[in-house]
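Listed below, chain by chain, are the residues.
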Amino acid sequence: MILQLPNRTLDLGEPLVMGVLNVTPDSFSDGGRYAGVEAAFGRARAMLAEGAVIIDVGGESTRPGAAPVSEQEELERVAPVIERIRRELDCVVSVDTMKPAVMDAACAAGAELINDVYALRAPGAIEVASRHRAAVCLMHMLGQPRDMQQDPQYRDVVGEVSDFLAQRARACEAGGIAPDSILLDPGIGFGKTDAHNLRLIARLDAFAALGKPLLIGVSRKSMFGRLLGLPVDARLHPALATAAVAVWQGARIVRAHDVAATAEAVKMTNKILMARAEQD
Ligand code: 7PJ
């Protein structure tokens with residue numbers, strides 16, 4: 001399996017880690033724009049040394065209740081960081097945004113993958129991705145970030161999330177995005193109860209039928225807080241267990257903050273998976 005990027009392909013024969021790089025003023029001690037770029041660049045370099053292959057740069061928090069960020073502010077946060085990473089480091093950069101103008105600026109700065117929790121539903125988003133020949137990650141979210149956790153309901157969560165992703169992939173392909181430039185993500189925690197999240201993780205194998213590489217993000221998510229009573233800084237162990245289960249069921253990219261530990265868990269799970277495919 002591969003992912004087609006604008007001018008090269010990313011080999012997904014082995015599962016990979018996408019490192020999360022938040023470029024929000026509160027994510028680094030505030031010393032102005034330049035200090036922010038330096039700190040973000042240093043963090044990206046550290047994550048690559050720990051085994052990340054993709055750096056996911058985000059300038060807006062999608063957490064429930066997070067303050068909205070203007071388009072201009074968001075692109076001024078992410079574009080200089082993306083440019084610096086692409087100039088000095090050997091990796092794929094993705095941009096985590098829902099806004100077409102930010103996607104456009106990020107791709108111009110060197111992003112090769114657009115990671116959109118809104119699955120390119122914003123008017124003009126598909127056109128921007130198509131024009132840059134960028135790869136895209138289409139994530140499922142029920143509702144909007146501000147209201148998505150207010151009593152989400154499904155009749156059949158696996159079927160409905162799967163149908164949504166299939167429909168978004170078709171819309172992207174109709175808009176000129178290459179079929180092998182599309183990643184799909186069930187969107188753990190985005191408009192889902194803990195029971196929904198558990199069910200999606202347990203049946204991730206069902207998404208293989210969609211014929212696209214799967215990405216999953218569980219790092220530090222609040223379901224671990226509710227299910228196991230752990231604060232955000234103590235959720236690594238259950239996140240690693242969940243990442244292993246996801247890779248076992250076919251996930252090809254794991255999005256994580258704790259890259260070294262996640263890369264080891266992913267590699268180990270893949271070794272067992274490879275042994276399973278061997279002849280006796
Ligand atoms: C995800 C994401 C995820 C993808 C965030 C957080 C919230 N993008 N962006 N999948 N989560 N594709 O990291 O807790 O699960 S932001």
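A brief look at the structure comes next. These numbers come from a predicted model, not from an experiment.

Turning our eyes to something else, we now look at a nonpolar patch on the surface. Taken together, L198, L227 and L228 make up a surface patch of nonpolar side chains, about 270 Å² in accessible area. In this fold, L227 is placed in helix 7 (residues 222–228). Given the relative accessible area of 39%, L227 is considered partly exposed.

Taken as a whole, this structure holds 16 salt bridges when the rule is applied. A salt bridge links R84 to E38, with the nearest nitrogen and oxygen atoms 2.4 Å apart. In this pair, R84 is assigned in helix 2 (residues 71–88) and E38 in helix 1 (residues 32–49), connecting sequence segments 46 residues apart. Taking relative accessible area as the criterion, R84 reaches 15% and is therefore assigned buried. Exposure remark for E38: the relative accessible area of 29% places this residue in the partly exposed category. Note that D258 and R220 form a salt bridge whose closest N and O atoms lie 3.1 Å from each other. Here R220 lies in the loop between strand 9 (215–217) and helix 7 and D258 lies in the loop between strand 10 (253–256) and helix 9 (259–277), a separation of 38 residues in the sequence.

Quick look at the packing of aromatic side chains now. Under the defined criterion, the tally for this structure stands at zero aromatic pairs. Positioned above the aromatic ring of F41 is the side chain of R84, whose terminal nitrogen or guanidinium carbon lies 3.9 Å from the ring centre. Geometry around Y118 places R121 over its ring, the cationic atom sitting 4.1 Å from the centre.

To summarise the sheet geometry, strands pair through backbone hydrogen bonds and adopt either a parallel or an antiparallel arrangement. The strand order across the open sheet formed by eight strands is 8-7-6-5-4-3-10-9, and the pairing between neighbours is parallel. Each edge of the open sheet is held by one strand with a lone partner, namely strand 8 (182–185) and strand 9. Geometrically, the sheet is characterised by an average inter-axis angle of 25 degrees between neighbouring strands, direction not taken into account. Here four bridges tie strand 6 (residues 113–116) to strand 7 (residues 135–139), and the two strands are oriented parallel to one another. Bridge pairing in strand 7 places N115 opposite C137.

Cut-off values and rules
- Residues numbered from 1 in each chain as written.
- Predicted model: local features only at pLDDT ≥ 70, side-chain atom pairs only at ≥ 80, totals over all residues.
- Heavy atoms only, no water.
- Patch = residues over 30% accessible without salt bridge, like charges linked within 9 Å, V, L, I, M, F, W, Y side chains within 5 Å.
- Areas by Shrake-Rupley, 256 points an atom, 1.4 Å probe, with all protein chains shown as cover.
- Salt bridge = Lys/Arg side-chain N within 4 Å of Asp/Glu carboxyl O.
- Helix = DSSP H or I, 4+ residues; strand = E, 2+ residues; numbered from the N terminus.
- Buried < 20%, exposed > 50% of the residue type's maximum accessible area, 1.4 Å probe, protein only.
- Phe/Tyr/Trp six-rings, centres within 6.5 Å; stacked < 30°, edge-to-face > 60°.
- Lys NZ or Arg CZ within 6 Å of the ring centre and 35° of its normal.
- Pairing = 2+ DSSP bridges.
- Axes fitted to C-alpha atoms, helices over the stretch in contact; angles between N-to-C directions.

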